[in-house]
Each structure stands twice: as C-alpha cells, then as structure tokens.
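# Architecture at a glance
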Amino acid sequence: HEHAAGSWRRAYSTMRDNWLLEITGAEGELAAINGAYELRPLYLEQGLTVFQHRANPGIWLYPGKDRRWWVSTSQRKDAQDSAGWACSEPVELGTLPNVVEGWNLFTGERSWQGGALSIRAKPLKDADPTGGLAWTTAMGELDGTP
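Note that this is a predicted model, so its numbers are computed, not measured.

## Points about the pairing of strand β5 (residues 69–73)
Here β5 lies mainly inside the structure; four of its five residues are buried. Across five bridges, strand β4 (residues 59–63) lies against β5 in antiparallel orientation. Across the sheet, the residue bridging to Pro-63 is Trp-69, located in β5. Remark: five residues form the turn of the hairpin made by β4 and β5, two consecutive strands paired antiparallel; Arg-67 in that turn has positive phi of roughly 65°. With two bridges connecting them, β5 and strand β6 (residues 86–88) associate as antiparallel partners.

Written as structure tokens, this is what we have:
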C-alpha cells in the first residue's frame, strides 16, 4: 500500500500546475462524462489521485483496484470499484489519465468498445471561474438545500 501511495503522490506533484483534466469524445448517453474534472487533493491522504467533474460532482475519474482509470459514481470511487461508464487499459501506478492511450466506453449489457475518448490536462486558471457553481446552486434549489 505504501508503494501505491508514493506513486500517487508523485502523480499529484506532476498535476500541481494542471489541476484540471478535460474529457471529450463521449457521445449519446455517455456525453455527460465529457467536461472538466478538477483534482481533489483531499484524497491524497488515502494515497489516491482523483478528479471530480466540475459540472456534475457525482461523476469521478479515479484509479480502480484493477489498475485502470475509471469514470464512475461517487460510491464506486469510494470503493475503488472497477465499474463505470469508461475505463482505461491497465496502467502502472502513478500514471495520470491524460497520458493513457486506449479508453473503453460502456455500451450496455456488459459490452465495451474502444472509444475516441480524449483526456487532456489544462491549467486551472483557464477554467470557468464559477466551477459549476450555477449547476450546484440549481440542484440545491431543486432538492431544497441551500
């Protein structure tokens, strides 16, 4: 476990100036995974480098126990489950998702296909300054929370 934590700490250091990843290329029902993902430093204490979708905070990009990057839900991220809407090919510990080639998209009924998913890093300063605040506020109003 200590080896894995060290690998992810090094990956985190690499991302210091590029805290945002942008996913593009998902289509149809999976288009919701497209967008900007922000690095979440809090998870570094657990030895993980994870990214949260800025507009849809229930969508995460995280390393699974199977050494693949996954795009999935908060619950699956917390368990590091190997399940979701998209995944990379297996990678070495500490490999960031923006350097991974070969992503697969879930097509339903346990079926996967290679996809034209693209992930690139960009500086946080280039991001939308509201960071999805309007979306978060609107969702809070819908469910009655401030």
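## Points about the packing of aromatic side chains
Applying the stated criterion across every chain, the model contains one aromatic pair. Centre to centre, the rings of Phe-51 and Trp-69 are 6.1 Å apart; their planes meet at 55°, and the pair counts as tilted. Of this pair, Phe-51 sits in strand β3 (residues 51–53) while Trp-69 sits in strand β5, and the two are 18 residues apart along the sequence. Each member of the pair, Phe-51 as well as Trp-69, is classed as buried. The ring of Trp-60 carries the charged tip of Lys-77 above its face, separated from the ring centre by 4.0 Å.

## Here's the deal with unusual backbone geometry
If you check the backbone angles, Arg-67 has positive phi at about 65° while not being a glycine. Its location among the elements puts Arg-67 in the loop between β4 and β5. Arg-67 gets classed as partly exposed once you look at its relative accessible area, which sits at 38%. Phi is positive for Gln-80, close to 55°, though the residue is something other than glycine. Relative to the assigned elements, Gln-80 resides in the loop between α2 (74–79) and β6.

## As for the environment of His-53
Structurally, His-53 is set in strand β3. Separated by 19 residues in sequence, His-53 and Asn-34 have C-alpha atoms that sit 8.6 Å apart. Every residue in contact with His-53, bar those within four places of it in the chain, is listed here: Ala-32, Ile-33, Asn-34, Gly-35, Ala-36, Tyr-37 and Ile-59. There is a polar contact of 3.4 Å between the side chain of His-53 and the backbone oxygen of Ala-32.

## Section: the pattern of salt bridges
Evaluated as defined, the whole model comprises six salt bridges. Linking Arg-54 and Glu-38 is a salt bridge whose minimum nitrogen-to-oxygen distance equals 3.0 Å. With Arg-54 in the loop between β3 and β4 and Glu-38 in strand β2 (residues 35–39), this residue pair connects regions lying 16 residues apart in the sequence. Across the pair Asp-78 and Lys-77 runs a salt bridge whose closest N-O atoms are separated by 2.5 Å. Taking the relative accessible area as the measure of exposure, Lys-77 reaches 3% and is therefore buried. What you see here is one network of salt bridges that share partners, running through Glu-22, Arg-120 and Lys-122.

Here is what the cut-offs are and how they apply
- Here, residues in each chain are numbered from 1, in the same order as that chain's written sequence.
- Local features in this predicted model are restricted to residues of pLDDT 70 or higher, and side-chain atom pairs are both shown and tallied only at a pLDDT of 80 or more, whereas totals for entire chains, interfaces and linings draw on every residue.
- The side-chain figures draw on all heavy atoms in the structure; neither hydrogens nor water molecules are used.
- Accessible area is worked out with a 1.4 Å probe on protein chains only. A residue is then buried under 20% of its type maximum, exposed over 50%, and partly exposed in between.
- The secondary structure listing takes helices from DSSP runs of H or I that are at least 4 residues long and strands from runs of E that are at least 2 residues long, numbered from the N terminus.
- Here a strand pair is declared whenever DSSP counts at least two bridges between the two strands.
- Two aromatic rings, drawn from Phe, Tyr or Trp (for Trp, its six-membered ring), form a pair once their centres lie within 6.5 Å of each other, and the interplanar angle then sorts them: stacked below 30 degrees, edge-to-face above 60, tilted otherwise.
- Two limits define a charge over a ring: the Lys NZ or Arg CZ must be within 6 Å of the ring centre, and within 35 degrees of the ring normal.
- A contact between two residues is defined here by any heavy atoms of the two lying within 4.5 Å.
- Two N or O atoms form a polar contact when they lie within 3.5 Å of each other; inside protein one atom must be a possible hydrogen donor and the other a possible acceptor, and for residues adjacent in sequence the pair counts only when both atoms belong to side chains.
- Counted as salt bridges are all cases of a side-chain nitrogen of Lys or Arg within 4 Å of a carboxyl oxygen of Asp or Glu.

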